[in-house]
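An overview of the molecular structure
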Amino acid sequence: MIRCGEAPAESEVDRPVGSRLWLYTNFDCNLRCDYCCVRSSPKAPRRALGLERIKRIAKEAAELGVREIFVTGGEPFPPVKSSTETLLACAAAVPTTVLTNGMLLVGWRLEMLRAMPRDRITLQISLDSPTPELHDRHRGKGTWARALRGIENARSAGFRVRLAATVSTDADADAFRQFLDDRRCGGRRSSDPPHRATRLLQATALRSRAPIWYRRSPSPRTVFIGTQSERRTKIF
């Protein structure tokens, strides 16, 4: 399902094997989601790759033709300020997407984010449902509101944001679409097409006002959302 027009079908010509590199920089996380595939949690061993190794990997990846690095974990946003070089090292080599739950994008981490290159870093933030109940059931009480605040903070700082929503049914996906329409446009008029291109959050919270689109991966059921400009640069 595509938002804001048809997206070009990906092919091996467009994105050859080996053009993306996934880095699990660490395995500890501030959350304990019940469907986490790597069993991350606050008590999980960090098992960090380390800055020097990440720098070497990122440099070698760029030399070998990697076009994108995806930084994930665990929660990749650093526990201490000195760890900011991890993300910068990846972004210096190739455009980088950071997979995060968004909850830590406040305080000094938000200031750290504002100092990063907006043309080299994209944030993919998890938001599983249009209301707190489902999201919080899997991720913990209060996490939906904090994730939404992180999304708003990242967008207001001028960063490109994609949403990753783990949904179980088509009804869940439809509810998520409706949430986006309502959130961004204050409700959809009856005369509007059902999948009208609209903005991610209320315009007052945004610096970037590009419409968004999304697609659902076949397995697992994950909705990816990004701006129209990201479609042109084939971030997905």
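**Quick look at the overall build of the protein chain**
Scanning the protein chain for helices and strands turns up seven helices and seven strands. The secondary structure elements of the protein chain, listed N-terminal to C-terminal, are β-α-β-α-β-α-β-α-α-β-α-β-β-α. In the protein chain, 69% of the contacts between residues at least 6 apart in sequence involve partners at least 24 apart. By element, 53% of the accessible surface of the protein chain is carried by carbon and sulfur atoms, the whole surface being about 11600 Å².

**Details of the pattern of salt bridges**
This structure, assessed with the given rule, holds eight salt bridges. One salt bridge in this structure joins Glu60 and Arg56, with 3.9 Å as the shortest N-O distance. Of this pair, Glu60 and Arg56 both sit in helix H1 (residues 51-63), separated by four residues, roughly a single helical turn.

**Structural notes on unusual backbone geometry**
The linkage connecting Gly73 with the following residue, Gly74, adopts the cis geometry, with an omega of 25°. You can see Gly74 is positioned in the loop between strand S2 (68-72) and helix H2 (85-93). Positive phi, close to 55°, is recorded for Arg39, a residue that is not glycine. Within the fold, Arg39 resides in the loop between strand S1 (20-24) and H1. A relative accessible area of 75% places Arg39 in the exposed class. Residues other than glycine seldom take positive phi values, yet Arg47 does so here, at roughly 50°. Tracing the sequence through the fold places Arg47 in the loop between S1 and H1.

**As for the nonpolar core**
Judged by nonpolar contacts, the single largest core of 38 residues is most densely connected at Ile69, Phe77, Leu113, Leu123 and Leu127. Sorting elements by how many residues they give to this core places helix H5 (residues 143-156) first, with five residues. Every residue in contact with Leu127, bar those within four places of it in the chain, is listed here: His135, Trp144, Ala147, Leu148, Ile151, Ala164, Ala165, Phe176 and Phe179.

**A few points about helix H4 (residues 132-139)**
Taken together, the buried positions of H4 are occupied by His135, Asp136 and Arg139. Mapping the buried residues of H4 onto a view down its axis gives an arc of 95°, with all of them on the same face. For H4, the exposed residues set more than 90 degrees away from the buried face come down to Glu133 and Arg137. The elements touched by buried residues of H4 are strand S4 (121-126) and H5. At the exit of H4 stands Gly140, carrying a positive phi of roughly 120°.

**A few points about H2**
Every α-helix carries 3.6 residues per turn, so stepping three or four residues along brings you back to the same face. Taken as a whole, H2 has its buried residues at Thr86, Leu87, Ala89, Cys90 and Ala91. Considering only its buried residues, H2 is in contact with S1, H1, S2, strand S3 (96-100) and S4.

**Details of the pairing of S2**
The buried fraction of S2 is high, at five of five residues. In this structure, S1 lies alongside S2, joined through five bridges in parallel fashion. Bridge assignment links Tyr24 to a residue of S2, and that residue is Thr72. For the crossover from S1 across H1 to S2, the handedness is right-handed. Bridging between S2 and S3 involves three bridges; their strand directions are parallel. Paired with Val71 across the two strands is Val98, which belongs to S3.

Conventions used here
Residues numbered from 1 in each chain as written. Predicted model: local features only at pLDDT ≥ 70, side-chain atom pairs only at ≥ 80, totals over all residues. Heavy atoms only, no water. Helix = DSSP H or I, 4+ residues; strand = E, 2+ residues; numbered from the N terminus. Contact = heavy atoms within 4.5 Å. Areas by Shrake-Rupley, 256 points an atom, 1.4 Å probe, with all protein chains shown as cover. Salt bridge = Lys/Arg side-chain N within 4 Å of Asp/Glu carboxyl O. Buried < 20%, exposed > 50% of the residue type's maximum accessible area, 1.4 Å probe, protein only. Core = buried A, V, L, I, M, F, W, Y, C linked by side-chain atoms within 4.5 Å. Arc of directions from axis to C-beta. Pairing = 2+ DSSP bridges. Right-handed = clockwise from strand over helix to strand, strands pointing away.

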